[in-house]
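Notes for the structure review
Next come the chains, spelled out residue by residue.
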Amino acid sequence: MTDQAVALRAQAITKSFGPVRALRGVELELRAGEVTALMGENGAGKSTLLKILGGDYQPDGGELSIGGEAVSFSGPADARDAGLRVIAQEPEIVPWVSVAENIYIGALGAGGFRRSRLERTATEELRRWGFDRVIDARTLGADLSPAQRQIVEIMRAVIARPKVICFDEPTSSLGDEEVTLLFALIRQLQEEGVAIGYVSHRMGEIFQLADRITVLRDGAYVGTKTVDETDHDELVRMMVGRDLTQFFHREPAAPGGVVLELDGVSNEFVQDISLSVRAGEVVGIAGLVGAGRSELMKTIAGDLPVDGGAIRVDGKARRFRSPRDSIRAGIGFAPEERKAEALLLERSVRDNAALAVLRSLSRWIFVKDSAETALAQGYVDSLRIRTPSTEQLVGRLSGGNQQKVVLARWLATAPRMLLLDEPTRGIDVGAKAEIYAIIDRLAHEGVAVIVVSSELPEVLGVSDRIYVMAHGRITGELPRAEATEESILALAMDEEVAA
Ligand SMILES: Nc1ncnc2c1ncn2[C@@H]1O[C@H](COP(=O)(O)OP(=O)(O)OP(=O)(O)O)[C@@H](O)[C@H]1O
Ligand SMILES: [Mg+2]
């Protein structure tokens, strides 16, 4: 795969947002029939580069060419006309029309189509890529899961048969089955000679998919390697600029008394959940997407009602009517859908970091600006949040850096119990290690922690004890010493409870 035709070349691309130099002289080459991965820490400039390729942003300098011809895009329509598609991470879906209409929006001429015909065409197209198994062309936009919305966005791109297609962390909202389908789709696109750009923080995916890897650091171009000539450690060094220990291993402290206890808790989403978490303990919850893990976290936090069973905190039965109640009881909850559920995009990093603290403190305690700033700055430093200052609006940060702000918020509340749903999703390899260390430190300070994670090495690395869920139930409990990827997967795929 060495002398494939270059489909897209970006040379010496620069882009600034006010004082932030997001890109400073970046190179990228995407070749027909190849997957080129784009890697780098949170805020390195990956999404900015893709937005330039997609015509959403205009570069300050540099050149773009497609098939050897110089191009410049004044908007997304130009990029599309040139045969280039970038899959948006948060696709815009029209809620009141069907999947079929959502897919063909934009592709439709003024005349429009009969709905039945559109649905048939969409179904055929979904079938061509195997997605008909996980999405129905007639479903309304409003009823789509995040994974299905992502699939609609991918379909919008592939129906145009583009020459170049770029994905920005496409798997972060997908479950295992959808990831398998996405990888199959990418292989098929590759065979058809499409040039593919692929942004991801997941090393496993990169080595599974990519032919070549381009690394950015702080908006600068570090280099490009073929998969055969590089390895995990070298890529980490290129991204982070230093060596990192590959696996985190927690030294558990002696756990204290039981902080949280669930006794046969049931509702629409989870059935008969019994579990306990002690002070100083990190309890992992593993399972496949759809197993009910996030719903369980929401139930504990008071975001979903409890229809049966009991939740006890420090031995006392509690009934939380909203997350505010659980925060008052000392429970912090960092949900999975951080952006939608947790961040004020139009407020500063400082305000966002201080928000949970303010809520957890009594109303009449006045938190001084300077204290807030110091607190926010501390987390900016320890989590390596890439922002020009704590006054920057959160909405202007890169995706991964927004995630870090949410985590900072909950870490800052110093809760007695912390529920973390996919705490490192979208977070780069360097900051992951920092987050594991913070979880470990909190546990040693006596905080009870629950970590939900789809990444098995992460669950195995941080947890003292692991519960596995399938179909809304707990299918097993494993002490860390007995837990392996195999033993967890066997429980996660437990078929008996399906009936
Ligand atoms: N609209 C904007 N206004 C101001 N700054 C921005 C804007 N968009 C991006 N930036 C900044 O540009 C830099 C690069 O951001 P970008 O989103 O490209 O990073 P990324 O590599 O995609 O990171 P992540 O892995 O977290 O998604 C960051 O410092 C970010 O805060
Ligand atoms: Mg990004």
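Quantities reported herein were computed from a predicted structural model and do not represent experimental measurements.

We now examine unusual backbone geometry. Negative phi values dominate among residues other than glycine, just as trans dominates among peptide bonds. For Asp-272, which is not glycine, the phi torsion reads 50° and is therefore positive. Its place among the elements puts Asp-272 in the loop between strand 11 (258-266) and strand 12 (273-278).

Let us now look at the site of ligand 1. Not every one of the 21 residues close to ligand 1 is listed here, only the nearest: Gly-43, Lys-46, Thr-48, Ser-398 and Gly-400. For ligand 1, whose unbound accessible area comes to 640 Å², protein coverage reaches 91%. Listing elements by their share of the shell around ligand 1, those giving two or more residues are strand 2 (20-31), helix 1 (46-53) and helix 14 (399-412). Partitioning the shell around ligand 1 into residue classes produces 6 nonpolar, 10 polar and 5 charged. Of the residues that make up the shell around ligand 1, three or more belong to each of domain 1 (6-93 + 144-240) and domain 2 (258-498).

With 51 residues, the main nonpolar core has Phe-131, Ile-165, Phe-167, Leu-185, Ile-186, Leu-189 and Ile-213 as its most contacted residues. The residues touching Ile-186, leaving out its near neighbours within four places in the chain, are Val-35, Phe-167, Ile-196, Tyr-198 and Leu-209. If you look at the next biggest cluster of nonpolar residues, it comprises 32 residues, including Leu-420, Ile-439, Val-451 and Val-462.

Reading across the sheet, the 4 strands line up as 2-1-4-5 and stay open at both edges, with antiparallel pairing between neighbours. Strand pairing shows two members of the sheet lacking a second neighbour, strand 2 and strand 5 (69-71), which therefore form its edges. Averaged over all adjacent pairs, the angle separating strand axes in this sheet is 25°, with direction ignored. The sheet contact formed by strand 1 (residues 6-17) and strand 2 spans 9 bridges and is antiparallel.

With that settled, the discussion passes to the confidence of the model for the protein. Residues with a pLDDT of 70 or more make up 92% of the protein, whose mean pLDDT is 87. Under a pLDDT of 50 for its full length, residues 360-365 has, in the predicted model, 2 contacts with residues more than four places off or in other chains.

Within strand 17 (residues 417-421), 5 of the 5 residues are buried, which leaves the element mostly enclosed by the surrounding structure. Of the two faces of strand 17, the one carrying Met-417, Leu-419 and Asp-421 and the one carrying Leu-418 and Leu-420 are both buried. One ladder, built from 5 bridges, connects strand 17 with strand 18 (residues 448-452); its direction is parallel. Across the sheet, Met-417 pairs through a bridge with Ala-448, a residue of strand 18. Each parallel crossover has a hand, and for strand 17 linked through helix 15 (residues 429-444) to strand 18 it is right-handed.

Turning next to the domain arrangement of the protein. When its domains are assigned, the protein resolves into domain 1 (6-93 + 144-240) and domain 2 (258-498). If you average the C-alpha positions of domain 1 and of domain 2, the two centres end up 30 Å apart. In this assembly, 20 residues from domain 1 lie in contact with 19 residues from domain 2. In total, about 1,500 Å² of surface goes out of reach between domain 1 and domain 2, with carbon and sulfur atoms giving 48% of it. Remark: the boundary between domain 1 and domain 2 carries 2 salt bridges. Measuring nitrogen to oxygen at the nearest pair gives 3.2 Å for the salt bridge that ties Arg-386 to Asp-218. Where domain 1 packs against domain 2, one counts 8 residue pairs in polar contact (both at pLDDT 80 or more). Looking at the side of domain 1 that touches domain 2, the elements with two or more residues in it are strand 2 and helix 8 (232-240). Across the side of domain 1 that touches domain 2, the residue classes tally to 6 nonpolar, 6 polar and 8 charged.

With that settled, the discussion passes to the sheet that holds strand 15 (residues 316-318). What the 4 strands build is an open sheet, ordered 12-11-14-15; its pairing is antiparallel. Of all strands in the sheet, those with a lone pairing partner are strand 12 and strand 15, marking the two edges. Each strand of the sheet is rotated relative to its neighbour by a mean of 25°, with strand direction disregarded. One ladder, built from 5 bridges, connects strand 11 with strand 14 (residues 308-313); its direction is antiparallel. If you follow Leu-262 over to strand 14, its bridge partner there is Ile-311. Together, strand 11, strand 12 and strand 14 form the strand contacts of helix 9 (residues 293-301), whose direction differs from that of strand 11 by roughly 115°.

About the thresholds
- Residues numbered from 1 in each chain as written.
- Chains lettered and ligands numbered in written order.
- Predicted model: local features only at pLDDT ≥ 70, side-chain atom pairs only at ≥ 80, totals over all residues.
- Heavy atoms only, no water.
- Helix = DSSP H or I, 4+ residues; strand = E, 2+ residues; numbered from the N terminus.
- Near = heavy atom within 4 Å.
- Areas by Shrake-Rupley, 256 points an atom, 1.4 Å probe, with all protein chains shown as cover.
- Nonpolar A, V, L, I, M, F, W, Y, C, P; charged D, E, K, R; others polar.
- Domains from an automatic or database assignment.
- Core = buried A, V, L, I, M, F, W, Y, C linked by side-chain atoms within 4.5 Å.
- Buried < 20%, exposed > 50% of the residue type's maximum accessible area, 1.4 Å probe, protein only.
- Contact = heavy atoms within 4.5 Å.
- Pairing = 2+ DSSP bridges.
- Axes fitted to C-alpha atoms, helices over the stretch in contact; angles between N-to-C directions.
- pLDDT = per-residue confidence, 0-100.
- Right-handed = clockwise from strand over helix to strand, strands pointing away.
- Buried area = accessible area lost by both parts, 1.4 Å probe.
- Salt bridge = Lys/Arg side-chain N within 4 Å of Asp/Glu carboxyl O.
- Polar contact = N/O pair within 3.5 Å; in protein donor to acceptor, adjacent residues only side chain to side chain.

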